[in-house]
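Here are the chains, one letter per residue:
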Amino acid sequence: MTETSPLLSHVDETGEQPRMVEVSDKAVTKREAHAQARLRFPESVIATLRESGFMTKKGAVLTVAQIAGIMGVKTTSSLIPMCHPLSISGCKLEIAIEGQDAVIDCRVACVGQTGVEMEALTGATVAALTIYDMCKALSHDMVIHSVGLLGKVGGKRDFGTLLAPADGQKTAGQQ
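Cut-offs applied
Residues numbered from 1 in each chain as written. Predicted model: local features only at pLDDT ≥ 70, side-chain atom pairs only at ≥ 80, totals over all residues. Heavy atoms only, no water. UniProt positions renumbered as here; feature names shortened; annotations may be inferred. Core = buried A, V, L, I, M, F, W, Y, C linked by side-chain atoms within 4.5 Å. Buried < 20%, exposed > 50% of the residue type's maximum accessible area, 1.4 Å probe, protein only. Helix = DSSP H or I, 4+ residues; strand = E, 2+ residues; numbered from the N terminus.

- The name that an unreviewed UniProt entry assigns to the chain is Cyclic pyranopterin monophosphate synthase accessory protein, with the source organism given as Acetobacter aceti.
- One UniProt comment on the chain, placed under Pathway (unreviewed entry), says "Cofactor biosynthesis; molybdopterin biosynthesis."
- Check the Function (unreviewed entry) section of the UniProt entry for the chain; it says "Catalyzes the conversion of (8S)-3',8-cyclo-7,8-dihydroguanosine 5'-triphosphate to cyclic pyranopterin monophosphate (cPMP)."

This is the structure we're talking about:
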């Protein structure tokens, strides 16, 4: 028995030309996604940030990163060529400090014909990049790592587990 490779959705039938996926025949459903990114600080940097209440000359690091991440969610289709512009119905971006890591969780929801995975991944990544930018005067030895999709619901295939919905309501996969 021969295994078949999954078809790539962003290329034409020949597999040679890029295209935006046609979604007009898809059902309109509530779609949610949860992505996470981490940024590891050097020990000296995290100590300095803790002492300053995460304030630098550029401002409140975590607050600015949170806002930047939400802006990233809203502009994903401008950054990723084959993403559809979406009407986002909810976005929750949280940043926690665990040891030497800033842990960025981004949950996004919409009601539409395509999912919000790329929006959640973009939000988490933009927040991590913003933290890097705000702290690079202290060190360039920060590392953004472990960027990934933790879960999605509401499309053709649910994946992973959503820890909490973006709008505080039950997720599409919860009873």
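**A short note on the nonpolar core**
The nonpolar side chains of a soluble globular protein tend to be buried with one another.
1) Next: The biggest cluster of nonpolar side chains holds 28 residues, and the ones touching the most others in it are Phe41, Leu49, Ile95, Ile104, Ile131 and Cys135.
2) Next: Sorting the residues of this core by element identifies β1 (29-40), α1 (43-51), α2 (61-74), β4 (88-98), β5 (101-112) and α4 (117-135) as the ones contributing at least two each.
3) Next: Among the elements that make up this core, the one with the highest residue count is α4 (seven residues).

**Quick look at unusual backbone geometry**
1) Next: The residue phenylalanine 54 is not glycine, and still its phi comes out positive at about 60°.
2) Next: Residue placement: phenylalanine 54 occurs in the loop between α1 and β2 (55-56).
3) Next: Exposure remark for phenylalanine 54: the relative accessible area of 13% places this residue in the buried category.
4) Next: In this model, serine 146 sits at a positive phi of 55°, which is unusual for a non-glycine residue.
5) Next: With respect to the helices, strands and loops of the structure, serine 146 is situated in strand β6 (residues 143-153).

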